[in-house]
Amino acid sequence: MASEPSLHYTVPGMSAQDSSEIIELLQRRLHSLNDLHLTLKHIHWNVVGPHFIAVHEMLDPQVEQVRSMTDDLAERISTLGGVPQGTPGALVADRTWDDYSIGRAEAIEHLGALDVVYTRLIEDHREAMEATESSDPVTQDILIEQLRGLELFQWFVRAHLESSGGRLSTADARTEQAAADQAAEQARRQP
């Protein structure tokens with residue numbers, strides 16, 4: 001990550017060191033949510049097939065809530081005395097993941113891939129939440145609330161991927177493409 005100037009202030013009762021560490025953690029979360037926002041819009045524009053409208057319309061409220069989450073994180077970074085970085089260049093330079101890999105595809109394929117995206121993002125958000133437990137419960141509270149929304153969105157996605165027996169078609173997938181392929185295969189087998 002680009003080096004930040006030293007903090008000139010932070011919130012009362014918090015050390016500059018703790019604030020700097022939390023700012024760095026929040027910046028990574030900000031990048032991941034900005035990326036998710038763009039990924040959701042990409043899927044929204046590139047989903048096709050018989051479930052197009054359901055998925056197309058399901059994604060817009062997620063986009064709006066994720067955008068709100070980014071604003072909350074950016075404002076917390078500023079509150080702590082940091083400078084939130086929201087440019088595409090900063091996101092690309094700092095990210096530790098690859099671009100979303102699915103282009104124009106059936107709804108079920110995008111949902112399979114999106115399940116993998118949500119899993120990774122939620123795992124990283126949980127790590128950040130745990131890392132702020134003792135140093136900054138205010139930030140932890142923000143992350144907990146965001147996790148509630150992100151987990152709900154993943155549940156919406158997974159409802160399309162679950163068999164009547166409760167098995168997720170993407171259960172063993174580690175990549176977006178594998179998840180897309182597994183979701184499509186399960187959909188072909190179901191009546």
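In case you missed it, the structure is sitting above this.
The paragraphs below set out a description of the structure included in this document. (Residues numbered from 1 in each chain as written. Predicted model: local features only at pLDDT ≥ 70, side-chain atom pairs only at ≥ 80, totals over all residues. Heavy atoms only, no water.)

**Notes on the overall build of the protein**
Move 1: Helix and strand content of the protein: 6 helices and 2 strands.
Move 2: By its C-alpha atoms, the protein is 60 × 30 × 25 Å across when sized along the principal axes.
Move 3: Out of the 191 residues in the protein, the part that is buried amounts to 45%.
Move 4: In the protein, once contacts between residues fewer than 6 apart in sequence are set aside, the share between residues at least 24 apart is 75%.
Move 5: Counting only carbon and sulfur atoms, one obtains 51% of the accessible surface of the protein, whose full area is about 10200 Å².
Move 6: In the protein, 15 positive and 31 negative side-chain charges are present, and the distance between their average locations comes to 6 Å. (Helix = DSSP H or I, 4+ residues; strand = E, 2+ residues; numbered from the N terminus. Buried < 20%, exposed > 50% of the residue type's maximum accessible area, 1.4 Å probe, protein only. Contact = heavy atoms within 4.5 Å. Areas by Shrake-Rupley, 256 points an atom, 1.4 Å probe, with all protein chains shown as cover. Lys, Arg positive; Asp, Glu negative; His and termini not counted. Charge placed at Lys NZ, Arg CZ, Asp CG, Glu CD.)

**Some remarks on the side chain of Arg-29**
Move 1: Assignment of secondary structure puts Arg-29 in helix α1 (residues 16–46).
Move 2: Asp-124 is the oppositely charged side chain nearest to the buried, salt-bridge-free Arg-29, at an N-O distance of 4.2 Å.
Move 3: Other than its neighbours up to four places away in sequence, Arg-29 contacts Leu-73, Leu-121, Asp-124, His-125, Ala-128 and Leu-143. (Salt bridge = Lys/Arg side-chain N within 4 Å of Asp/Glu carboxyl O.)

**A short note on helix α2 (residues 52–79)**
Move 1: Helix length check: α2 (28 residues) gives 41 Å between terminal C-alpha atoms against 40 Å at 1.5 Å per residue, within 8%.
Move 2: Just past α2, the residue Gly-81 takes up positive phi, approximately 95°. (Expected span 1.5 Å × (residues − 1).)

**Looking at a nonpolar patch on the surface**
Move 1: A surface patch of nonpolar side chains, about 310 Å² in accessible area, is lined by Leu-152, Trp-155 and Phe-156.
Move 2: Assignment of secondary structure puts Phe-156 in helix α5 (residues 137–159). (Patch = residues over 30% accessible without salt bridge, like charges linked within 9 Å, V, L, I, M, F, W, Y side chains within 5 Å.)

**A look at the pattern of salt bridges**
Move 1: Summed over the entire model, instances satisfying the criterion amount to 12 salt bridges.
Move 2: With its nearest N and O atoms 2.9 Å apart, the salt bridge here joins Asp-136 to Arg-76. Separated by 60 residues along the polypeptide, Asp-136 in the loop between α4 (107–131) and α5 and Arg-76 in helix α2 bring together distant segments of the chain.
Move 3: One salt-bridge network, held together by shared partners, links Asp-35, Arg-95 and Asp-99.

**A word on the packing of α4 against helix α6 (residues 176–189)**
Move 1: At a closest axis distance of 7 Å, the pairing of α4 and α6 adopts a crossing angle of 135°. Judged by the angle between their axes, α4 and α6 are oblique. Here α4 and α6 pass one another in a crossing that is right-handed. Residue-level inspection shows Ile-108, Glu-109, Gly-112, Ala-113, Val-116, Val-117 and Arg-120 of α4 in contact with α6, the latter providing Glu-176, Ala-179, Ala-180, Ala-183, Ala-184 and Ala-187.
Move 2: Of the residues assigned to the contact of α4 with α6, the class counts are 9 nonpolar, 1 polar and 3 charged. (Axes fitted to C-alpha atoms, helices over the stretch in contact; angles between N-to-C directions. Parallel < 35°, antiparallel > 145°, perpendicular 65-115°, else oblique. Left-handed = near helix turned anticlockwise from the far one by under 90°. Nonpolar A, V, L, I, M, F, W, Y, C, P; charged D, E, K, R; others polar.)

**Focus on the environment of Gly-149**
Move 1: Mapped onto the elements, Gly-149 comes out in helix α5.
Move 2: Spatially, the C-alpha atom of Gly-149 lies 22 Å from that of Pro-84, the residues being 65 residues apart in sequence.

**Notes on the nonpolar core**
As a rule of thumb, soluble globular proteins bury nonpolar side chains together.
Move 1: Leu-26, Leu-33, Leu-36, Leu-40, Leu-114, Tyr-118 and Leu-150 are the most contacted members of the largest nonpolar core, which has 47 residues in total.
Move 2: Among the elements of the structure, α1, α2, α4, α5 and α6 are those that each provide at least two residues to this core.
Move 3: Per element, the largest residue contribution to this core is 11 residues, and it comes from α4.
Move 4: Ignoring sequence-local partners within four residues, the contact set of Tyr-118 consists of Leu-36, Leu-40, Gln-62, Leu-150, Phe-153, Gln-154 and Val-157. (Core = buried A, V, L, I, M, F, W, Y, C linked by side-chain atoms within 4.5 Å.)

**Considering a negative patch on the surface**
Move 1: Where like charges cluster on the molecular surface, the negative patch consists of Glu-123, Asp-124, Glu-127, Glu-130 and Glu-133.
Move 2: With respect to the helices and strands, the residue Asp-124 is situated in helix α4.
Move 3: The exposure class of Asp-124 is partly exposed, given its relative accessible area of 35%.

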